[in-house]
Amino acid sequence: MKVLVLGAGNVGRAIAWDLRDEFDVHVGDVSEERLRAVSEFATPVKVNAADFDELVEAMRGFELVVGALPGRFGYQSVKAAIKAGVDMVDVSFMPENPLELREEAEKAGVTVLFDAGFAPGLSHILMGRIWNELDEMREGYIYVGGLPKEPRPPLHYRITWSPKDLIEEYTRPARVIRDGEVKAVDPFERIERVSVGDFEFEAFVSDGLRSLLESVRAERLEEWTLRWPGHLEKMKVLRELGFFRPEHVDKTLEVIVPLMTYESPDFSIMQVVGRGTLDGEEREMGYLLYDEERGGFTSMARVTGFTAAIIARLVAEKSCIFGVIPPEILGMRIDTFTRITEELADRGIRLERWENAPPGDS
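Residues numbered from 1 in each chain as written. Predicted model: local features only at pLDDT ≥ 70, side-chain atom pairs only at ≥ 80, totals over all residues. Heavy atoms only, no water.

**Some thoughts on the nonpolar core**
Soluble globular proteins: nonpolar side chains tend toward being buried together. Where we set the bar: Side-chain atoms within 4.5 Å are what join buried Ala, Val, Leu, Ile, Met, Phe, Trp, Tyr and Cys residues into a set we call a nonpolar core. Buried means the residue's accessible area, taken with a 1.4 Å probe over protein chains only, is under 20% of the maximum for its type, while exposed means over 50%, and partly exposed covers the values in between. By definition, any uninterrupted DSSP run of H or I lasting at least four residues is a helix, any uninterrupted run of E lasting at least two residues is a strand, and each is numbered from the N terminus. Delimitation of the domains relies on an automatic or database domain assignment. Whether two residues are in contact is decided by their heavy atoms, any of which lying within 4.5 Å being enough.
Grouped together as the largest cluster of nonpolar side chains are 65 residues, with contacts concentrated most on V27, V66 and I311. In terms of residue count, helix α11 (residues 299-316) provides more of this core than any other element does, 12 residues in total. Formed jointly, this core draws a minimum of three residues from each of two domains, domain 1 (2-113) and domain 2 (122-301 + 349-355). Contact partners of V66, with chain neighbours within four places excluded, come to V3, L4, V5, L6, I15, L19, V89 and A312.

**Details of the sheet that holds strand β5 (residues 87-90)**
As a reminder, the rule being used: Strands are labelled as partners when DSSP assigns at least two bridges between them. Note on geometry: axes are lines fitted to C-alpha atoms, helical ones only across the stretch in contact, with angles between N-to-C directions running from 0 to 180 degrees.
Spatially, β3-β2-β1-β4-β5-β6-β15 is the arrangement adopted by the seven strands of the open sheet, whose pairing is parallel. At either end of the open sheet lies a strand with only one pairing partner, and these are β3 (43-46) and β15 (323-325). This sheet shows a mean twist of 20 degrees between the axes of neighbouring strands, independent of strand direction. Summarising the sheet, strand β4 (residues 64-67) and β5 pair through four bridges and their orientation is parallel. Residue pairing for β5: V66 is matched across the bridge by V89. Running over the sheet, helix α4 (residues 74-84) touches β1 (2-6), β5 and β6 (111-113) and is turned about 165 degrees from β5.

**Digging into the UniProt feature "domain: Saccharopine dehydrogenase NADP binding" (unreviewed entry) in the protein chain**
Keep this limit in mind: UniProt positions are given in the numbering used here, feature names are shortened, and annotations may be inferred rather than shown by experiment.
In the numbering used here, UniProt assigns the "domain: Saccharopine dehydrogenase NADP binding" (unreviewed entry) feature to residues 3-113. Annotation note: span residues 3-113, helix share 39%, strand share 23%, distance between end C-alpha atoms 15 Å.

**Some details on the pattern of salt bridges**
Definition in use: Should a side-chain nitrogen of Lys or Arg be within 4 Å of a carboxyl oxygen of Asp or Glu, the pair is scored as a salt bridge.
Counted by the stated rule, this structure contains 38 salt bridges. Between D29 and R34 there is a salt bridge; the shortest N-O distance is 2.9 Å. In this structure, D179 engages K183 in a salt bridge whose closest nitrogen and oxygen atoms are separated by 3.8 Å. According to the relative accessible area criterion, D179 is exposed, its value standing at 62%. The class of K183 is partly exposed, set by a relative accessible area of 32%. One network of salt bridges, in which partners are shared, links D18, E22, R313, E317, R339, E343 and R347.

**A look at the packing of helix α1 (residues 10-19) against α11**
Helix-helix packing is characterised by the crossing angle of the two axes and by the distance between the axes. Inclusion rule: Any angle that falls under 35 degrees is termed roughly parallel, while one over 145 is termed roughly antiparallel, one within 65 to 115 roughly perpendicular, and all others oblique. Helix crossings fall into two classes, left-handed where the near helix is turned counterclockwise from the far one by less than a right angle and right-handed where it is turned clockwise. Residues are grouped as follows: Ala, Val, Leu, Ile, Met, Phe, Trp, Tyr, Cys and Pro are nonpolar; Asp, Glu, Lys and Arg are charged; all remaining types, including Gly, are polar.
Interhelical geometry of α1 versus α11 gives an angle of 45 degrees and a closest axis separation of 8 Å. Considering their axes alone, α1 and α11 lie oblique with respect to each other. As α1 packs across α11, the resulting crossing turns out to be right-handed. Listed contacts from α11 to N10, V11, A14, I15, W17, D18 and L19 of α1 are A301, T304, G305, F306, A308, A309 and R313. Tallied by class, the residues present in the contact of α1 with α11 amount to nine nonpolar, three polar and two charged.

**With respect to the domain arrangement of the protein chain**
Inclusion rule: Note on terms: buried area is the combined drop in 1.4 Å-probe accessible area of two parts once they are placed together, counting the loss on both. Side-chain atoms alone can form a polar contact between residues adjacent in sequence; in general such a contact is a pair of N or O atoms within 3.5 Å, and within protein one must be able to donate a hydrogen while the other accepts it.
Split by domain assignment, the protein chain resolves into domain 1 (2-113) and domain 2 (122-301 + 349-355). Computed over C-alpha atoms, the centres of domain 1 and domain 2 are 25 Å apart. Both sides together, the interface formed by domain 1 and domain 2 hides about 1200 Å², and carbon and sulfur atoms give 57% of it. By the criterion of area lost to domain 2, the three top residues of domain 1 are N10, R13 and F93, representing 44% of everything that side buries. Counting across the interface, domain 1 meets domain 2 through zero salt bridges. If you look at where domain 1 meets domain 2, you find three residue pairs in polar contact (both at pLDDT 80 or more).

Quick look at the structure:
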């Protein structure tokens, strides 16, 4: 099967590497330098994702497309895949709602599985499993972060993904469910200290629930993104001073990205928690994930890219129906959930399941 991976950055490279032995993998990108980095295990293809017609033409002849582009290209990529009549798995953090394209995809006989990365992605799969296991889930919380093991001042963060998508997390209103209703809140409405695993972090509420807002019924549902202490207050000040406004953000990134670009192994951590009832009793259950950089890939590339590659196999095998599908559906189905978690474990990404007390709690 011919597969086109869109994007030759860290995540796209991990996806292509994971698929290389089972598929005829091509990688599309506008950067010749990035394409050279994947040429050892994939066929490079020069593609300008900003040109819709070029994107559609590039997709023709492939049986599956895996999107690993920045969020601003995500929706257009999905539309291009539908027009080209090719199935797609996408990890981009697009601001638009891809579910709006469901009817178009069904008419074209195309399967699109979006938000198929780490968070959103694996976070939704785990929440979908918890929601399915409980008789009633009243509350659900996702705590997630990708962080340097050796944070450096002044910003205590290392860039491992799209810088513009990072800024989007701090500026886009965060949609949550509170009192059973969807509400949009300021991501910096409050900065909290939280414990996850053996670590102490700062956390802010983030707009990562996306399709969960429609598919999971709960009284309270929130995603919190984790940072090392000392980062968020600085980002909040920059935002309040206007440095993250669209007309200023490029200049701001020129200044702050070098401060967040340095050598340090990264790690990914996620805790997904659901509280409700099972067989008439109060129950809390959850999953804890911890992963570190290894094998020439950042941890964020591993947890995002390998998750996407496993889901790509499911789509290639026609394990998913036509249409636009959110990732939590894969968690609600025990067959696909088991397949994904077992294959992640094969790659050294392991999940710890718990009930009533998260690991490390006394």
